[in-house]
Amino acid sequence: MPTFILIVRKAVSHHHYTHQQQHTSAVHRHLQHHHLYPHHHHLHGYRHLPRCDQHGMQTRTQEEEELLWEDLFSKPLNWVDCRRRKRTPLHPDFRHKTSKAPLWLNSMCKPHWVDSRLAVPGPGNPPEENAVREFCNKGELDIAMDALSHMDYDGFIPSDDLYITILKACYKCKALSHAAYISAHIFRRNTELCEPLQDALIIALAKCGGVLHARSLLHTLPHCSVDSWTAVIDGFVEYGRDRDALITFGQMHELNLQPNSNTYASLFKACSSLGKLEEGRWLHADGESKGFTLMPATGTALMSMYSKCESFLEAESVFSMLLQRDVLSWNAMLSVYLEHGIWDKALVAYRQMQEEGWTSNALIYTIVLQACGFLGEKESLFFERQPNSEMYLEIGRALHADIRENGFATDISLGTALITMYGKCGSIPEALNVFQCFSEFDIAPWRAMLSAYVQQGQGAEALVAYKKLHEYCLIPDVHIFVISLRACIMLMENEETTPMASLEIGEALGEDAQSNGFASNTLIGNTLVSMYGKSGNIVGTENVFVGLLQRDVVSWNAMLSAYIQHGQVAKAFLLYRQMVVEGVTGDVLSYVLCFQACGILAEQENLVCKPQPNSVSIQVGHALHAVARIETHCSNLFICNALISMYGKCGRLVEAESVFCSSVAVDVVSWNAMLTAYVENCEGHKALQLYTQMRRGHEYPNKLTYVIALQACIDLAEQEGESNEVVALEMGHALHTDRLLEGYLSDDVICSTLVSLYGKCGALADAETMFSRLIHRDLNLWNGMLSSYVEQGHDEKALHMINQMECDGMPIDEITVVLALQVCSTLGSVEMCRQIYFKVISIGFDSSPNPINTLIHSFGHCASSVEAKDVFFQLSQPDKVAWNAWIGSYLQEGDFERSLFVFRMMQLAGITPDAFAYLSLLCTCSHVGLVESSFEIFESMSRDFHLSPEVKHYSVMIDILGRTGNFKKVKRLLSAMPMQANLPLWLSLLGACRTHGNLELAKEAFKQAMDLQPSDPAAYVLISNIHAIDYCSRETG
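What you are looking at is a predicted structure, and each value in this text was computed from that prediction instead of being measured. (Residues numbered from 1 in each chain as written. Predicted model: local features only at pLDDT ≥ 70, side-chain atom pairs only at ≥ 80, totals over all residues. Heavy atoms only, no water.)

Novice: I'd love a proper account of the packing of helix H22 (residues 428–435) against helix H23 (residues 443–455), names of residues and values included.
Specialist: One way to put it is that H22 packs onto H23 with a least axis distance of 10 Å and a crossing angle of 170 degrees. Judged by the inter-axis angle, H22 sits roughly antiparallel to H23. Counted together, Ile428, Ala431, Leu432 and Phe435 of H22 and Pro445, Trp446, Met449, Ala452 and Tyr453 of H23 form the full contact between these two elements. (Axes fitted to C-alpha atoms, helices over the stretch in contact; angles between N-to-C directions. Helix = DSSP H or I, 4+ residues; strand = E, 2+ residues; numbered from the N terminus. Parallel < 35°, antiparallel > 145°, perpendicular 65-115°, else oblique. Contact = heavy atoms within 4.5 Å.)

Novice: Before we move on, could you go through the UniProt feature "repeat: PPR" (unreviewed entry) in the protein chain and cite the residues and values that matter?
Specialist: The UniProt feature table records "repeat: PPR" (unreviewed entry) at residues 225–259, 260–294, 326–360, 552–586, 667–701, 778–812 and 879–913. The distance separating the terminal C-alpha atoms of residues 260–294 is 13 Å; by composition the span is 77% helix and 0% strand. The span residues 667–701 shows a helical share of 74% and a strand share of 0%, and its end C-alpha atoms are spaced 10 Å apart. (UniProt positions renumbered as here; feature names shortened; annotations may be inferred.)

Novice: Any details on the nonpolar core? Residues and values, ideally.
Specialist: Counting 309 residues, the largest nonpolar core has Ile166, Ile524, Met531, Phe595, Ile856, Leu989 and Leu990 as the members making the most contacts within it. If one sorts the elements of this core by residue count, helix H25 (residues 478–492) sits on top with eleven residues. Residues contacting Leu989, with those up to four places away along its chain left out, are Ile958, Phe967, Val970, Leu974, Leu1001 and Ala1005. Ranked by size, the runner-up nonpolar core spans seven residues in total, among them Trp69, Leu72, Trp79 and Trp113. (Core = buried A, V, L, I, M, F, W, Y, C linked by side-chain atoms within 4.5 Å. Buried < 20%, exposed > 50% of the residue type's maximum accessible area, 1.4 Å probe, protein only.)

Novice: Break down helix H49 (residues 915–928) for me, with residues and values.
Specialist: Under the 1.5 Å per step criterion, the end-to-end length of H49 is 20 Å for 14 residues, consistent within 8% with the ideal 20 Å. Most of H49 is tucked away: ten of the 14 residues are buried. The secondary structure elements touched by the buried residues of H49 are helix H47 (880–888), helix H48 (896–908), helix H50 (931–945) and helix H51 (951–964). The positive-phi residue at the C-terminal boundary of H49 is Gly929, with phi of around 95 degrees. (Expected span 1.5 Å × (residues − 1).)

Novice: Kindly report on the environment of Ser216, identifying the contributing residues and their values.
Specialist: Looking at where Ser216 falls in the secondary structure, it is placed in helix H10 (residues 211–220). A sequence separation of 14 residues divides Ser216 from Ile202, and the C-alpha atoms of the two residues are 9.4 Å apart.

Novice: I'd like a rundown of helix H3 (residues 62–74), residues and numbers included.
Specialist: Relative to the 18 Å expected for 13 residues at 1.5 Å per residue, H3 spans 18 Å between its end C-alpha atoms, a close match to the ideal helical length. Of all the residues in H3, the buried ones are Glu65, Trp69 and Leu72. All buried residues of H3 lie within an arc of 55 degrees about the axis, which places them on one face of the element. Exposed side of H3, more than 90 degrees from the buried face: Glu63, Leu67 and Ser74 are the residues found there. (Arc of directions from axis to C-beta.)

Here is the structure:
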């Protein structure tokens, strides 16, 4: 072999090895550590050296060399251009594909015309590389990898451009395994990577999910660009490693690398996912100083971050500061408004967008349609103002027209959004028209149509649509089954449909869900629990709940709701404790349900006795309130409203007021809860003051607000004192006017409550006027008018109304029966009581306690204790009210012995006497004149049953003592009273003083009566008579 060749080979080999040792030893160690290529490797140019004799390049003749060059230029596709991949001078510049014959540009035998011919573009990219590029462009990476392997076998070294092309195809297809293979392939053949290849490699690995590998290359390869760092940060964000994204940015910051707008966009996404508002604000300030936050893409990410961190005002500020807005930035701002429930602003922003000349896309139309639907639903559910609901429906129709004009009429997602919008706005026919255009193509329109039916209370139509769905050979999804089950729940609440029939349909739906592979679906299981709970089948509800493979907090809430709906409070509390034991964290609804259970328990306790300071309900309520406070739920509006209601039912008005006043924000439900608390605790004055405050604060009342305010007026009218009736009537007239202004002119509930109020206040003319003006009169209105007549003692009119109801075929309920029996009691008509008793049995009210207890009382009041006794013994389990009514039935006959006998029977039956039972006995004693027995019974209250006597008990005792003229005991009893005496007590004492001529005590009683009711005429008449008797006695004496 010529000496020249040996010298060149040795020099090139030494240079190549030294270059690799000096510049790539760190890369070699890194790649060998990660097993990306073997520890032994060959120098390029030695693996496929041309086969030649000992003379090397000099053994070929001039003619042979020239023939080869001519073949290269005449048939370039048969040759491989190796110039760009040469690693040593010994590597050939061209090689024949078949014969492997090499050609060197520095060959001594090269013809002189070769250089001039090479100045013209030659063969270009090798066909192998072109083939690989073509496969990459088509996304056929497996075939591209196979072609690359053949290039390896043939000894061809891919160019950097080819590697970059393959890597771009890898991250487009998210092919991590191929990207890793290319990474190993690159480091086997290249010791130094150019910057474009470095970036392409790191970006591909980060985009494909190999973000940890990409980050390791950041710290290994020199001079990585900001695009590589941004790709790693974005990769961490995309794959849910947001903290690593922020850490990587910190490392980038330490290297003094300046981030770009894409870097900030990714970092804002990381802060959004982590809820890091302060870090996001810092990045905002940093990006703003570099001018990046004014760009649409970065600004869009920033708005989304502020929205997720519950700071929509800052999102608005970012949007207003954008120098240039595009459709994406408008989309982001509209999404912010939608997420935060500021739907009216979303519509305003959409209008502004149109005025600025921007063209909407499908996503923007979807957002605006959703906002329009939510506003229409809100108006119909909470405010019941038809004009506003119609306004949002008109906006939805205009959007529908725009969608058609802009060519989106066939878009299924928009069609689904239109169906949902029309459904929420209450226009089922228009929703159905849109649905019919898409019903054959996709399940989403069916889901929206079924949901629209359920939202508008058309459960039967929803189930019919579910049946038709199968005719189109569409397979229902989870949401279709859930909506259909909710339709069954809705039918259960319908009086015309028996729960059993709806339950059977629901069970069939459950079987369909199982056959479609949803047997273990938690969402369907939770809805089944709710359905069984609504049907009243608690055992079935428990069986479904226990059978759930996975129970989330919604499952527990559904079971809690079932128990609470049916008054099983003890089971509800036990279930909540089990939920805590199993480590399930309750949500807002869990606490709301538990507070409702406390309220129900308080009502049950109040039926037995008066509210106690340390009742079980308030103790449990305080404990739950403390837990909710620890878990920072107390600022939630739903929990605040539930707490107000609970404390109101427990008689803790101070605590209810504290929760109401400390709430960050209150809505109409909060006001209604506080108003109800006042009314339930007989604080009508405070309720009306709060209503006035509500109107001054520009809070819009709903129908329930008016009903509660009218009930407050009724409560005020029932309190003693003529002034209370006057105030109640004035407020009633004012509420009547408000009702007319707000559009509740013909609401049945409000009208019947107004009629009852006018009756309580003695304004029968107003009540009759309102009753006669109404065309559609429901049973509540008839009962309200009947109650007014009964309240004011117009028994003949009451009887006429009862007969009119019967003639008009108006069905009666328990309230009607009770009112009719009260008329019987007043008139003393035993025959009428018997007729009503017959109707009670015919209608089926004989198992209801209220009509039967009132019937016992009415028979007793008509001096027919025998029939009262017969009715009592027909009860299977008489309650305390029935016993009290039987005891009181002997009052008219003055039969104290029998009253006392029934009183003792009541105790033997395990029923603890209450204050009303003692009052009946004392009234009987007063009727007969049994002074000693009355004192024994009076003292027995506190001694035997720890009952505190009320004003009525003291009034009866003072009446008994007054009749006998025992004024010393009257004074002792008055001084011992723990409460203030009322007007009837002082009037009773005045009557006794008139009978026995006690002028001194009469003056004191008159003074007390005047303090309570200065305008009461009875007190003036009595004191006048007493003075007249005293004057006459002194004149005759």
